[in-house]
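Per-entry structural report
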Amino acid sequence: MTTTDGRGATAASTLKAPTAPERTVGQLVADATKDVSELVRYEVALAKAEITADVKNGALGGGLFAVAGVFGFVAFVFLGVTVAYALVEGAGWPVWLAFLVVAAVMLLIAGALAAVGFGRLKKVGPPQRTIRSTKETIAAVKASATGKPVAKTISGSSAARPSIGH
């Protein structure tokens, strides 16, 4: 027994869910294009995040070089002269020997600071996570185009990777 709802429609006909029209090839291509451009934006954001960290390391290393140079020069001039005269007056050293010893010590300090700065500059390298992520994206697109399963193409899970900026 079917009942009507007052507008002439039966209860059975009002319970049917409307079917969604199938998407056209043009819509599918538009969605794929949008997805690819979104992937490219994410890759660029990841590259920026990695390069920003490397630039900070490079700037810090360069700053250490600058401090080493300033320290080496200013310390040599002011402290070197003071210590050299202290050795001449206090210990009775010849003037040339006192200045030679002070200069050698100041050069050692400047060299140590330069070595630390150089070590910081060596830490600057290519954006490894971006390179890995881009290779995985290319592999996934190739696998998708050939009909192969994507899960076998991409190595590792994205959940285990650190997020951008960390």
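Predicted, not measured: the structure shown is a model, and the values here were computed from it.

Thresholds, definitions, all that
- Residues numbered from 1 in each chain as written.
- Predicted model: local features only at pLDDT ≥ 70, side-chain atom pairs only at ≥ 80, totals over all residues.
- Heavy atoms only, no water.
- Helix = DSSP H or I, 4+ residues; strand = E, 2+ residues; numbered from the N terminus.
- Buried < 20%, exposed > 50% of the residue type's maximum accessible area, 1.4 Å probe, protein only.
- Areas by Shrake-Rupley, 256 points an atom, 1.4 Å probe, with all protein chains shown as cover.
- Contact = heavy atoms within 4.5 Å.
- Lys, Arg positive; Asp, Glu negative; His and termini not counted.
- Salt bridge = Lys/Arg side-chain N within 4 Å of Asp/Glu carboxyl O.
- Phe/Tyr/Trp six-rings, centres within 6.5 Å; stacked < 30°, edge-to-face > 60°.
- Core = buried A, V, L, I, M, F, W, Y, C linked by side-chain atoms within 4.5 Å.
- Expected span 1.5 Å × (residues − 1).
- Axes fitted to C-alpha atoms, helices over the stretch in contact; angles between N-to-C directions.
- Parallel < 35°, antiparallel > 145°, perpendicular 65-115°, else oblique.
- Nonpolar A, V, L, I, M, F, W, Y, C, P; charged D, E, K, R; others polar.

Examining the overall build of the protein chain
Check the secondary structure of the protein chain and you find four helices and zero strands. Counting from the amino terminus, the protein chain carries its helices and strands in the arrangement α-α-α-α. Considering the protein chain as a whole, with its 166 residues, one finds that 16% of them fall into the buried category. Only carbon and sulfur atoms are counted for the fraction: they give 70% of the accessible area of the protein chain, which is about 12,100 Å².

What to know about the environment of V102
Assignment of secondary structure puts V102 in helix α3 (residues 95-122). Judged by its relative accessible area of 6%, V102 falls in the buried class. In sequence terms V102 and Y85 are 17 residues apart; their C-alpha atoms lie 10.0 Å from each other. Once you skip the residues sitting within four places of it in the chain, V102 turns out to touch G80, V83, A84 and L87.

Some thoughts on the side chain of D54
Structurally, D54 can be placed in helix α2 (residues 25-91). R129 provides the closest opposite charge to the buried, salt-bridge-free D54, at an N-O distance of 9.2 Å. Ignoring any residue separated from it by four or fewer positions in sequence, one finds D54 in contact with K123, V124, G125 and P126.

Considering the packing of aromatic side chains
One pass over the full model with this rule turns up one aromatic pair. Relative to F99, the ring of Y85 lies with its centre 5.6 Å away and its plane at 85 degrees, an arrangement referred to as edge-to-face. Of this pair, Y85 sits in helix α2 while F99 sits in helix α3, and the two are 14 residues apart along the sequence. Look at F99 and you get partly exposed, because its relative accessible area is 28%.

Focus on the nonpolar core
One finds A75, A84, L87, V88, A98, V102 and M106 forming the largest nonpolar core, which totals seven residues. Elements supplying a minimum of two residues to this core: α2 and α3. With four residues, α2 is the single largest residue contributor to this core.

Focus on α3
With 28 residues, α3 extends 41 Å between its outermost C-alpha atoms, agreeing within 8% with the 40 Å of an ideal straight helix rising 1.5 Å per residue. The set of residues buried in α3 consists of A98, V102, A103, M106, A110 and G117. Packing partners of the buried residues in α3 comprise α2.

Regarding the packing of α2 against α3
Contact geometry of α2 with α3 gives a least axis separation of 8 Å together with a crossing angle of 170 degrees. Accordingly, the angle class assigned to the pair α2 and α3 is roughly antiparallel. In the contact of α2 with α3, the residues fall into 27 nonpolar, seven polar and one charged.

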